[in-house]
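Remarks on the overall topology
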Amino acid sequence: MEITTRGLWTLIHGMGFGGLYLLAGSGALVELYRRYGNRVNSSGADQSDRFLRVYLIAMAALAWLAVLTGTYIIYPWYRATPPAGTVDLHGFPQRLLMASPQTVGWHALGMEWKEHVAWLAPIAVTMAAAVVGQYGRGLQEHKALRRAVICFLWVSLAAAGVAGFFGAMLNKNAPVEGGATIRLTAGG
Amino acid sequence: MQDSGLRIHLAASATGGENANGAGAAAVLAAGIGCFVLGALAVLADKSTAVKNRMIFSRPTGPLSGVTTLAIAAWLLAWMVLHLCWRRKEIALGPALGAAFVLLALSLLLAFPPLADWL
């Protein structure tokens with residue numbers, strides 16, 4: 001069982017940072033609806049506030065790591081230009097997709113959409129983390145503000161979903177591969 | 001006595017203190033601005049070769065590096081300015097949040113390739 005370094009980075013970016021962000025996003029929305037839907041005066045309120053703050057900061061970190069690794073580590077491998085006369089385009093995913101009318105859409109729609117819309121997620125979730133960090137339970141007094149935060153979080157989750165879906169499909173049709181090979185287990 | 005109570009109330013409205021809505025509104029509106037700048041720059045870089053070339057901050061990543069870097073810079077700058085102006089104030093949330101939603105919606109449209117190509 002082997003994996004290339006480029007394949008490993010794609011895994012870290014997509015299934016690590018991106019996948020965890022998507023999983024965490026639904027949890028954050030549930031917690032925000034639960035918390036601000038009812039007036040809660042439990043003794044554990046402070047601890048719960050701290051948990052949500054840390055949770056949203058962790059989500060923001062995941063979103064930033066996902067877009068930064070995607071943009072500056074994986075995307076350059078994806079868009080690499082093959083030397084003149086190259087026939088085998090398997091090391092050049094963008095060119096491979098564009099070489100066939102059956103796959104060009106994955107680049108023209110998928111990657112073109114993903115590469116921009118994904119960046120909305122870290123902006124939105126960083127804002128959400130900052131607002132919840134600033135107001136804590138006091139956000140209960142600011143209904144419009146709270147709704148805005150939740151709306152931006154929904155958009156961030158949708159943006160991450162679009163990026164995740166197209167990332168998976170792009171990698172299925174034209175995998176980002178190459179670099180040193182890492183042997184995970186010896187053959188059986 | 002009643003007069004001084006009224007004065008305190010009015011002062012609290014103008015400068016709402018720690019729990020004033022200004023800081024939150026600044027964060028939300030700035031996020032809307034950042035998202036919109038991202039979408040607008042993406043379209044501009046797609047439509048104009050001159051803009052596209054200027055957006056290449058990192059050659060391996062290409063124009064995406066400049067588009068995202070400038071959008072993040074615009075977002076943070078807008079956040080800083082709005083925060084400094086509104087942080088202790090109670091502001092009318094309607095226009096600020098309305099503008100943020102419009103900008104967010106526009107950014108989603110601009111980031112969608114078929115619509116961006118149509119422009």
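Read on for an overview of the structure. (Residues numbered from 1 in each chain as written. Chains lettered and ligands numbered in written order. Predicted model: local features only at pLDDT ≥ 70, side-chain atom pairs only at ≥ 80, totals over all residues. Heavy atoms only, no water.)

**Considerations on the packing of aromatic side chains**
Residues and elements named next belong to chain A. Under the definition given, this model contains 11 aromatic pairs over all chains. Ring geometry for Tyr 75 against Tyr 78: centres 6.2 Å apart, planes inclined by 15°, an arrangement best described as stacked. Of this pair, Tyr 75 and Tyr 78 both sit in helix 2 (residues 45–78), three residues apart, roughly one helical turn. Just as Tyr 75 is buried, Tyr 78 falls in that class too. (Phe/Tyr/Trp six-rings, centres within 6.5 Å; stacked < 30°, edge-to-face > 60°. Helix = DSSP H or I, 4+ residues; strand = E, 2+ residues; numbered from the N terminus. Buried < 20%, exposed > 50% of the residue type's maximum accessible area, 1.4 Å probe, protein only.)

**Things to note about the layout of surface pockets**
By volume, the largest pocket amounts to about 690 Å³. Around the largest pocket, the lining comprises 35 residues; the ones closest to its centre are A:His13, A:Gly14, A:Lys114, A:Ala163 and A:Gly167. Mapped onto the lining of the largest pocket, the elements with two or more residues apiece are helix 1 (5–37), helix 2, helix 4 (104–117) and helix 6 (143–173) of chain A. Per element, the largest residue contribution to the lining of the largest pocket is 10 residues, and it comes from helix 1 of chain A. Looking at side-chain class alone, the lining of the largest pocket contains 21 nonpolar, 11 polar and three charged residues. The space that makes up the second largest pocket amounts to roughly 560 Å³. Around the second largest pocket, the lining comprises 26 residues; the ones closest to its centre are A:Tyr75, A:Glu112, A:Glu115, B:Asp46 and B:Lys52. Of all the secondary structure elements, the ones that give two or more residues to the lining of the second largest pocket are helix 3 (93–98) and helix 4 of chain A together with helix 2 (22–47), helix 3 (49–54), helix 4 (63–86) and helix 6 (113–118) of chain B. Per-element tally for the lining of the second largest pocket: the top contributor is helix 4 of chain A, with five residues. (1 Å grid on protein atoms, 1.4 Å probe; cavity = no way out; pocket = protein on both sides within 12 Å on 5 of 7 lines; lining within 4 Å. Points joined across faces, edges and corners; volume = space filled by probe spheres on them. Nonpolar A, V, L, I, M, F, W, Y, C, P; charged D, E, K, R; others polar.)

**Some remarks on the interface of chain A and chain B**
Each side of the interface is counted separately: chain A has 31 residues, and chain B has 42 residues. The junction of chain A with chain B conceals about 3000 Å² of combined surface from both sides, 78% of it contributed by carbon and sulfur atoms. Looking at the side of chain A facing chain B, the largest losses of area belong to A:His116, A:Ile123 and A:Phe152, adding up to 21% of the total buried there. At the boundary of chain A with chain B, the tally comes to zero salt bridges. Linking chain A with chain B are six residue pairs in polar contact (both at pLDDT 80 or more), by the criterion used here. Looking at the side of chain A that touches chain B, the elements with two or more residues in it are helix 2, helix 4, helix 5 (120–135) and helix 6 of chain A. With eight residues, the single largest contributor to the side of chain A that touches chain B is helix 5 of chain A. Here the side of chain A that touches chain B is composed, by residue class, of 21 nonpolar, six polar and four charged. (Contact = heavy atoms within 4.5 Å. Buried area = accessible area lost by both parts, 1.4 Å probe. Salt bridge = Lys/Arg side-chain N within 4 Å of Asp/Glu carboxyl O. Polar contact = N/O pair within 3.5 Å; in protein donor to acceptor, adjacent residues only side chain to side chain.)

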